[in-house]
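The chain contents come next:
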Amino acid sequence: MPIDAAHAGRTYPPTAPYLVGVEKIREFATAIGDPNPAYRDAGVARALGHPDVIAPPTFPFVLSFAASRQIVADPELGIDYGRVVHGEQRFVASRPVRAGDLLTTTVSIDSIRSAGGHDMLTTRSEVATTEGEHVVTAFSTLVVRGPESGA
Amino acid sequence: MATQISYDDVEVGTELPSQQLPVRRVDLVRYAGASGDFNVIHWNARVARSVGLPDVIAHGMFTMALAARVVTDWAGDPGAVVDYGVRFTRPVPVPDDDEGATVEVAAVVAVLLEDRRVRVDLTVTSAGQTVLGRARAVVQLS
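Participant: Whenever I open this one, the overall build of chain A confuses me. Can you help?
Facilitator: Scanning chain A from N- to C-terminus turns up 3 helices and 5 strands. With respect to the three principal axes, the spread of C-alpha positions in chain A is 55 × 30 × 20 Å. Taking all 151 residues of chain A together, 36% fall into the buried category. Considering only contacts in chain A between residues 6 or more positions apart, those separated by 24 or more positions represent 70%.

Given below as structure tokens:
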């Protein structure tokens, strides 16, 4: 059954504040195999004009992915997570995430459409400091594969 | 921003140094832990095959992160990447051997924008096939 497009526009409550740690950034940078010192050495980051070590451009996925669990778990949408495929991803940043940031993520469903037996959800995760400074917006397109596509 | 590349030194068509980046099973396990995305198709071949995939596949977000490296290494300041988007057009199967898969990333300055920004278009392939489509980054140069 297609997901009801009437749910487009829905916004979920902000996530609990997430404190971005130096070691979490280092762990993420190591996981993507990137030795860039701006992710590890505060002196290098400061020389580039940042107050502390910064996170890689795709790090905000950690926050948006966690926030998007609210969508996947929403009983009114009834999404079967086993059928979800990541279609598109985009990050639009006001500045890089950095160590010491205390961030909340507010996720919304921008649109829902059905095509070819699949449902396509576009989601928007607004990542901001607890003081209200916008840091980055993560846009995702999730494709929920229809039953006739197998799996 | 303090990028090592100046806006004045680039033009449409300027090529960024390309890179070939490995993707092994252990990389996917590490990325799952670091990102929180433990979807079984990224580490369990039995489940991956049961849903019609050829093998364990890389997280699209892992491939997206690898590709960004070409832009951040070039810019010098990773914080200069102000906009970065991709389409996940084809999965990257990662065989259970010591070599895994390889992602090849090429990039070129495609558009000169206002405020000393440029749009970089990336070509991201694995085994000769495009795996990320419409891969674009906007970089704030100095």
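Participant: Explain helix α1 (residues 25–35) of chain B here, please?
Facilitator: A turn of α-helix holds 3.6 residues, and therefore any two residues three or four places apart point the same way. Three or more residues of α1 of chain B are buried, namely R25, D27, L28, Y31, A34 and S35 of chain B. Taken together, the buried residues of α1 of chain B touch α1 (22–31) and α3 (61–72) of chain A together with β1 (15–23) and α3 (60–75) of chain B. In the stretch just after α1 of chain B, G36 of chain B is the one whose phi turns positive, near 90°.

Participant: Help me out: how do you make sense of the confidence of the model for chain B in this one?
Facilitator: For any part of a model where pLDDT is low, the fine detail of the predicted coordinates should not be relied upon. Of all residues in chain B, 99% have pLDDT values of 70 or greater, and the mean over the chain is 96. For this predicted complex, the interface confidence score (ipTM) comes to 0.96, while the overall pTM stands at 0.96.

Participant: Would you mind going over the interface of chain B and chain A with me for this structure?
Facilitator: Accessible area lost upon the coming together of the parts is a frequently used measure of interface size. Contacts between the two partners involve 32 residues from chain B and, on the opposite side, 32 residues from chain A. Within the residue set of the side of chain B that touches chain A, elements represented by two or more residues are α1, α3 and β2 (81–88) of chain B. The pairing of strand β2 (residues 84–93) of chain A with β2 of chain B spans 5 bridges and is classified as antiparallel. Within β2 of chain B, the residue paired with E88 of chain A across the bridge is R87 of chain B.

Participant: Got a minute to help me understand the sheet that holds strand β3 (residues 102–115) of chain A in this structure?
Facilitator: Hydrogen bonds between backbone groups are what pair the strands of a sheet, and the pairing can be parallel or antiparallel. Ordered by their spatial adjacency, 10 strands build an open sheet running β1(A)-β3(A)-β4(A)-β5(A)-β2(A)-β2(B)-β5(B)-β4(B)-β3(B)-β1(B), and the pairing between neighbours is antiparallel. Looking along the sheet, the strands with just one partner apiece sit at the ends: β1 (18–19) of chain A together with β1 of chain B. Of the pairings in the sheet, the one linking β2 of chain A to strand β5 (residues 134–144) of chain A comprises 9 bridges and is antiparallel in character. Within β5 of chain A, the position partnered with A93 of chain A by the bridge is V136 of chain A.

Participant: In this structure, what is going on with the pairing of strand β4 (residues 118–129) of chain A? I would like to understand it.
Facilitator: Every regular strand shows the same layout, with side chains that alternate between the two sheet faces. Residues and elements named next belong to chain A. Direction of pairing for β3 relative to β4: antiparallel, over a ladder of 12 bridges. Following the sheet pairing, S114 is matched in β4 by D119. Following β3, the chain reverses through 2 residues before pairing antiparallel with β4; G116 in that reversal takes a positive phi of roughly 60°. Pairing of β4 with β5 involves 10 bridges; the strand directions are antiparallel. Residue V127 lies in a different strand from β5, and its bridge partner there is V136. Connecting β4 to the antiparallel partner β5 that follows it, the hairpin turn spans 4 residues, and G132 within it adopts a positive phi of roughly 95°.

Participant: How should I be thinking about the environment of Y18 of chain A in this particular structure?
Facilitator: Residues and elements named next belong to chain A. Residue placement: Y18 occurs in strand β1. Distance in space between the C-alpha atoms of Y18 and T105 is 8.7 Å, their sequence separation being 87 residues. Y18 has contacts with L63 and L103, leaving out every residue within four places of it along the chain.

Participant: Help me understand unusual backbone geometry, please; the structure alone is not making it clear to me.
Facilitator: Glycine aside, residues mostly have negative phi angles, and peptide bonds mostly take the trans form. All names here are of chain B. One non-glycine residue, R116, adopts positive backbone phi at about 60°. Considering the arrangement of structural elements, one finds R116 in the loop between β3 (101–112) and β4 (117–126). One non-glycine residue, R134, adopts positive backbone phi at about 45°.

Participant: Can you help me understand the nonpolar core in this one?
Facilitator: Nonpolar side chains tend toward joint burial in soluble globular proteins. Residues and elements named next belong to chain B. Residues A67, V71 and L122 are the most contacted members of the largest nonpolar core, which totals 80 residues. Among the elements that make up this core, the one with the highest residue count is α3 (11 residues). With residues near it in sequence (within four places) discarded, V71 still touches L16, V81, A107, V120, A137 and V139.

Participant: I tried to follow the packing of α1 of chain A against α1 of chain B on my own but got confused; where do I start?
Facilitator: Each pair of packed helices gets described by two things: the angle between the helix axes and the distance between those axes. It is at 8 Å that the axes of α1 of chain A and α1 of chain B come closest, and there the two elements cross at 155°. Taken together, the axes of α1 of chain A and α1 of chain B are roughly antiparallel relative to one another. Two packed elements cross with a definite hand, and for α1 of chain A against α1 of chain B that hand is left-handed. On α1 of chain B, the residues touching E27, F28 and A31 of chain A of α1 of chain A are R30, Y31 and A34 of chain B. Taken together, the residues of the contact of α1 of chain A with α1 of chain B break down into 4 nonpolar, no polar and 2 charged.

Participant: Please clarify how the environment of R90 of chain B should be interpreted in this entry.
Facilitator: All names here are of chain B. Position of R90 among the secondary structure elements: in the loop between β2 and β3. On the neighbour-count criterion, R90 (18 C-beta atoms within 10 Å) is partly exposed. R90 sits 35 residues away from T125 along the chain, and the two C-alpha atoms are 9.4 Å apart. For R90, the residues in contact, after removing those within four places along its chain, are Q129, T130 and V131.

Basis of the calculations
- Residues numbered from 1 in each chain as written.
- Chains lettered and ligands numbered in written order.
- Predicted model: local features only at pLDDT ≥ 70, side-chain atom pairs only at ≥ 80, totals over all residues.
- Helix = DSSP H or I, 4+ residues; strand = E, 2+ residues; numbered from the N terminus.
- Buried ≥ 20, exposed ≤ 12 C-beta atoms within 10 Å, placed from the backbone.
- Contact = placed C-beta atoms within 7 Å.
- pLDDT = per-residue confidence, 0-100.
- Pairing = 2+ DSSP bridges.
- Core = buried A, V, L, I, M, F, W, Y, C linked by C-beta atoms within 7 Å.
- Axes fitted to C-alpha atoms, helices over the stretch in contact; angles between N-to-C directions.
- Parallel < 35°, antiparallel > 145°, perpendicular 65-115°, else oblique.
- Left-handed = near helix turned anticlockwise from the far one by under 90°.
- Nonpolar A, V, L, I, M, F, W, Y, C, P; charged D, E, K, R; others polar.

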